[in-house]
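Chain and residue survey
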Amino acid sequence: MESGGVDHLAGERSKAQFDVDEMKIVWAGSRHDFELSDRISRLVASDPAFRKDNRVMLSRKELFKNTLRKAAYAWKRIIELRLTEEEATKLRFYVDEAAFTDLHWGMFVPAIKGQGTDEQQQKWLPLAHRMQIIGCYAQTELGHGSNVQGLETTATFDPQADEFVIHSPTLTSSKWWPGGLGKVSTHAVVYARLITDGQEQGVHGFIVQLRSLDDHMPLPGITIGDIGMKFGNGAYNTMDNGVMRFDNVRIPRDQMLMRVLQVTREGKCVESNVPRQLIYGTMVYVRQTIVADASRALSRAVCIATRYSAVRRQFGAQNGLETQVIDYKTQQSRLFPLIASAYAFRFVGEWLKWLYTDVTQRLQANDFSTLPEAHACTAGLKSLTTSVTADAIEECRKLCGGHGYLCSSGLPELFAVYVPACTYEGDNVVLLLQVARFLMKTVAQLPSGKKPVGTTAYLGRVEHLMQYRCGVQNAEDWLNPSVVLEVFEARAARMCVNRAQKLGSFPNPEEGFAELSAFLAEAAVAHCQLIVVSKFIEKLQQDIPGGEGVKQQLRNLCNIYALNLINRHLGDFLSTGAISAKQASLANDQLRSLFSQVRPNAIALVDAFNYTDHYLGSILGCYDGNVYPKLYDEAWKDPLNDSVVPDGYQEYIRPMLKQQLRNARL
């Protein structure tokens, strides 16, 4: 989508066996979402103020100031164009630059909505929505991240002054990492240990003003700064991740977020009639957005690698033309499962949006029955999708050969800006262990007759799944979705039961959990992969626009996703007896056949993502495939090429060449 002139990939596009425009709607989720994304992405791409092709060459200070300019300009355009909240969110997404606004809209505002009383929301949200205050989410500390209950910052209630005293008692209690904190945020939701009448009351959120709204200086008792450069050129260095310490900073009592727990004027803690579980609704929302972001980042990398694989020719010259790299089976076996994964993550992300709505409605009706399962499900899918996506972006870089290592390929910066997703909002291994704990509890409750719900419903058929024998007899049998689904259920159920049995042999369950944690995490992965496969299959059972052509391509991708997982985790499937070695071989045969079926549709499948060249930010992935002239022109833009003879020649290179180093100023 974009670039003028000759379309060097037109031949590839003409091979498509489906309606690409209809697939664009399937990818977007609806015609409304497609039209919205298309309009906003073109708006951003056509505005030179949002240029980003020089980002990796800027110094940190230049980079950060440029990000501030873009964020301010984006807000100006949002106001001028009277964009809706949905349109404004899309605009910030397509600007494609990590900024303080991400945390303001993505964490600060939802925290107040989810944890603030009606009065607090009425006071703070209008200010935040007009950006008269800029907020961040200050939870993580230098010494504690995943273990939220281990946070050291304290909020001690002073009943005489009717205030909380926010304090950082140790170096490790310094807030560390919050985006937007370092240089921009005027306010924060600060998480601290609530202390009333000498008693600890757990970790709670407090709205704290950090900087003056007149001169932006930190308020008395608050020390703030940026934590320094992070991995990669450009990338997440546009964000001012911060460090902050409090020295007995006082805030009014009504700035504690009190939707669930209230502290009275006398210092008494009173639980409100709002259930504590409501807070988990926000967590489900945040993790759902992370899964959606995973599909976008993965699809972006895959789009670049697929287009370049079709442009690049190497070896095997016939009729004067070398073979397209995309025609090599080694390339297909690495690339096509990633295309399938991008679609799979997109569809499971859609389902998570539904789950969030469902959980929210249930919570409001005081129905908490599905909450533990929803919490485990979103934790596991956050872990699975972000880990796979981070690895896949790097794999796409390798699929592009040496040129993938150039910043102008877009892949190094995409990798650098994405990998933090593996640790923020829950370390991925820690999240898998939370899922494993939930699965072990579910298995332990089966004898009591408690019926598993939602994504764990298959464990209610554990007796059948333990006896299950896969009936695949030829390669085509693997195209039956019910066969694929039951194989994944059998593998996950048997791994869960196996881990539960091993856990039961330990006198102390917690010691057993610690000892078996690596094996338990494997069971959690199997469970999460089953969820993704099942949601892809469910998507195929829905009414999909575009007719049989679109549906057939989605079937192919679903089968590639599932059969590739079987191939990659063959040890699990064989050791649990879910399939036989012969059936595994047949799965590989079918997988190779599917690669051949996807091959003529590969370019069209990534075109369906509908990304502009601006958003992709990659010469290798440009829409028209005119890669080599653009790479050549881009090279000359590097600041090193501003002069023919480099700075430093006279001081260092010439003395070496002339054997005069002892006289040189080194």
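Not measured: the values here are computed from a predicted model.

Some thoughts on the overall build of the protein chain
Across its full length, the protein chain carries 23 helices and 11 strands. For 666 residues, the compact-globule estimate of 2.2 N^0.38 gives 26 Å, and the C-alpha radius of gyration of the protein chain, at 27 Å, lies within 12% of that figure. C-alpha atoms of the protein chain, sized along the principal axes, occupy 90 × 80 × 60 Å. The proportion of buried residues among the 666 residues of the protein chain is 52%. Taking all contacts inside the protein chain whose residues are at least 6 apart in sequence as the whole, residues at least 24 apart take part in 74%. A total of about 30000 Å² of accessible surface is found on the protein chain, and carbon and sulfur atoms cover 53% of it.

Concerning the layout of surface pockets
If a probe as big as a water molecule is rolled over the atoms, it shows which places are left empty. What the second largest pocket holds in volume is close to 610 Å³. At the level of elements, α9 (329-364), α10 (371-399), α12 (428-445), α16 (517-540) and α17 (547-568) are the ones that each hand at least two residues to the lining of the second largest pocket.

Some points on the environment of V598
Relative to the assigned elements, V598 resides in helix α19 (residues 581-598). With residues up to four places along the chain from it excluded, the contact list for V598 reads F336, N556, L557, I560 and L605.

Some details on the sheet that holds strand β7 (residues 222-226)
Pairing is antiparallel across the open sheet formed by three strands, whose spatial order is β4-β8-β7. If you trace the sheet from one side to the other, it starts and ends with β4 (175-176) and β7, each paired once. Here five bridges tie β7 to strand β8 (residues 242-246), and the two strands are oriented antiparallel to one another. Looking at β8, one finds that D226 is bridged to G242.

Quick look at the packing of aromatic side chains
Summed over all chains, the structure comprises 21 aromatic pairs. Measuring from centroid to centroid gives 4.4 Å for W27 and F609, while their planes differ by 50°, and the two rings are tilted. One end of the pair, W27, is in helix α2 (residues 20-28); the other, F609, is in the loop between α20 (602-607) and α21 (613-616), and 582 residues separate them in sequence. Summarising the burial analysis for this pair, W27 and F609 share the class buried. The structure contains a cluster of three or more aromatic residues connected by ring pairs, namely W27, F93, Y94, Y343, F347, F536, F609, Y611 and Y615. Across the ring face of F93, the terminal group of R296 is positioned such that the distance to the ring centre comes to 4.7 Å.

Points about the packing of α2 against α17
Their axes nearest at 9 Å, the elements α2 and α17 cross at an angle of 55°. If you check the angle between α2 and α17, you find them oblique. Our pair here, α2 against α17, has a crossing hand that is right-handed. Two secondary-structure elements touch here, α2 through E22, M23 and V26 and α17 through V550, Q553 and L554. When the residues that make up the contact of α2 with α17 are grouped by side-chain class, the tally is four nonpolar, one polar and one charged.

Brief notes about helix α6 (residues 100-115)
Between its first and last C-alpha atoms α6 spans 21 Å; for 16 residues at 1.5 Å apiece the expected length is 22 Å, and the two agree. With 13 of its 16 residues buried, α6 lies for the most part within the structure.

Here's the deal with unusual backbone geometry
We note that A235 has phi near 50°; this positive angle belongs to a residue other than glycine. As for its position among the elements, A235 is in the loop between β7 and β8. Among the residues examined, A235 registers a relative accessible area of 4% and is labelled buried. Of note, N248 is a non-glycine position whose phi angle comes to about 50°, a positive value. Mapped onto the elements, N248 comes out in the loop between β8 and β9 (249-252).

Quick word on the packing of α10 against helix α11 (residues 411-418)
Relative orientation of the contacting elements α10 and α11 amounts to 160°, with a least axis distance of 9 Å. When the axes of α10 and α11 are compared, the pair comes out roughly antiparallel. Like other packed secondary-structure pairs, α10 and α11 cross with a definite hand, here left-handed. Contacts between α10 and α11 pair T385, T386, T389, A390, I393, E394, C396 and R397 from the former with L411, L414, F415 and Y418 from the latter.

Remarks on empty space enclosed by the protein
Scanning all chains against the criterion turns up one cavity of 30 Å³ or more. Here the largest cavity defines a volume of roughly 140 Å³. Considering the residues around the largest cavity, the lining is formed by 14 residues, among which K70, A71, A74, R92 and T101 are closest to the centre. For the lining of the largest cavity, the elements supplying multiple residues, two or more each, are α4 (60-80), α5 (85-95) and α6. Top element by residues in the lining of the largest cavity is α4. It accounts for six residues. For the lining of the largest cavity, the residue count by class is eight nonpolar, two polar and four charged.

Notes on the pairing of strand β3 (residues 163-167)
Two elements, strand β2 (residues 154-158) and β3, share five bridges in a ladder whose sense is antiparallel. In the strand pairing of β3, F157 is matched with F164. The antiparallel hairpin formed by β2 and β3 contains four residues in its connecting segment, where D162 sits at a positive phi of about 55°. Relative to β9, β3 runs antiparallel, the two being bridged by four bridges. Residue pairing in the sheet places E163 in a bridge with P252 of β9.

Section: the nonpolar core
Counting residues in each nonpolar core, the largest one holds 140 residues, and the members touching the most others are Y343, W478 and L554. For this core, the element with the highest residue contribution is α9, accounting for 16 residues.

Digging into the side chain of T389
Relative to the helices and strands, T389 resides in helix α10. Those residues in contact with T389, other than ones at most four positions away along the chain, are A294, A297, L298, F345 and Y418.

Looking at helix α22 (residues 627-635)
Inspection of α22 places V627, L631 and E634 among the buried residues, and these make up the whole buried set. Projected down its long axis, α22 shows its buried positions confined to an angular sector of 65°, all on one face.

Some points on the pairing of β8
Walk down a regular strand and you will see the side chains alternate between the two sheet faces. Residues of β8 alternate between two faces, with G242, M244 and F246 buried on one and V243 and R245 left unburied on the opposite face. As defined by bridge partners, β4 adjoins β8 across two bridges and the pair is classed as antiparallel. Note that in β8 the partner of W176 across the bridge is V243.

Examining the environment of A664
On the secondary structure map, A664 appears in the segment after α23 (649-657). Linking A664 and Y652, residues 12 residues apart in sequence, is a C-alpha distance of 7.1 Å. Non-local contacts of A664, meaning those with residues more than four positions away in its chain, are made with E651 and P655.

Considering the pattern of salt bridges
Pairing is possible between side chains of opposite charge, provided their charged atoms come close. Counted according to the given criterion, the structure contains 40 salt bridges. Between R55 and D96 there is a salt bridge, with the nearest N and O atoms lying 3.8 Å from each other. Separated by 41 residues along the polypeptide, R55 in the loop between α3 (31-45) and α4 and D96 in the loop between α5 and α6 bring together distant segments of the chain. Relative accessible area serves as the criterion here: at 15%, D96 is assigned to the buried category. Ionic contacts of the salt-bridge type, sharing partners, join the residues K52, R55, K70, D96, E97, R300 and E413 into one network.

Cut-offs used in this document
- Residues numbered from 1 in each chain as written.
- Predicted model: local features only at pLDDT ≥ 70, side-chain atom pairs only at ≥ 80, totals over all residues.
- Heavy atoms only, no water.
- Helix = DSSP H or I, 4+ residues; strand = E, 2+ residues; numbered from the N terminus.
- Rg over C-alpha atoms; globule rule 2.2 N^0.38 Å.
- Buried < 20%, exposed > 50% of the residue type's maximum accessible area, 1.4 Å probe, protein only.
- Contact = heavy atoms within 4.5 Å.
- Areas by Shrake-Rupley, 256 points an atom, 1.4 Å probe, with all protein chains shown as cover.
- 1 Å grid on protein atoms, 1.4 Å probe; cavity = no way out; pocket = protein on both sides within 12 Å on 5 of 7 lines; lining within 4 Å.
- Points joined across faces, edges and corners; volume = space filled by probe spheres on them.
- Pairing = 2+ DSSP bridges.
- Phe/Tyr/Trp six-rings, centres within 6.5 Å; stacked < 30°, edge-to-face > 60°.
- Lys NZ or Arg CZ within 6 Å of the ring centre and 35° of its normal.
- Axes fitted to C-alpha atoms, helices over the stretch in contact; angles between N-to-C directions.
- Parallel < 35°, antiparallel > 145°, perpendicular 65-115°, else oblique.
- Left-handed = near helix turned anticlockwise from the far one by under 90°.
- Nonpolar A, V, L, I, M, F, W, Y, C, P; charged D, E, K, R; others polar.
- Expected span 1.5 Å × (residues − 1).
- Core = buried A, V, L, I, M, F, W, Y, C linked by side-chain atoms within 4.5 Å.
- Arc of directions from axis to C-beta.
- Salt bridge = Lys/Arg side-chain N within 4 Å of Asp/Glu carboxyl O.

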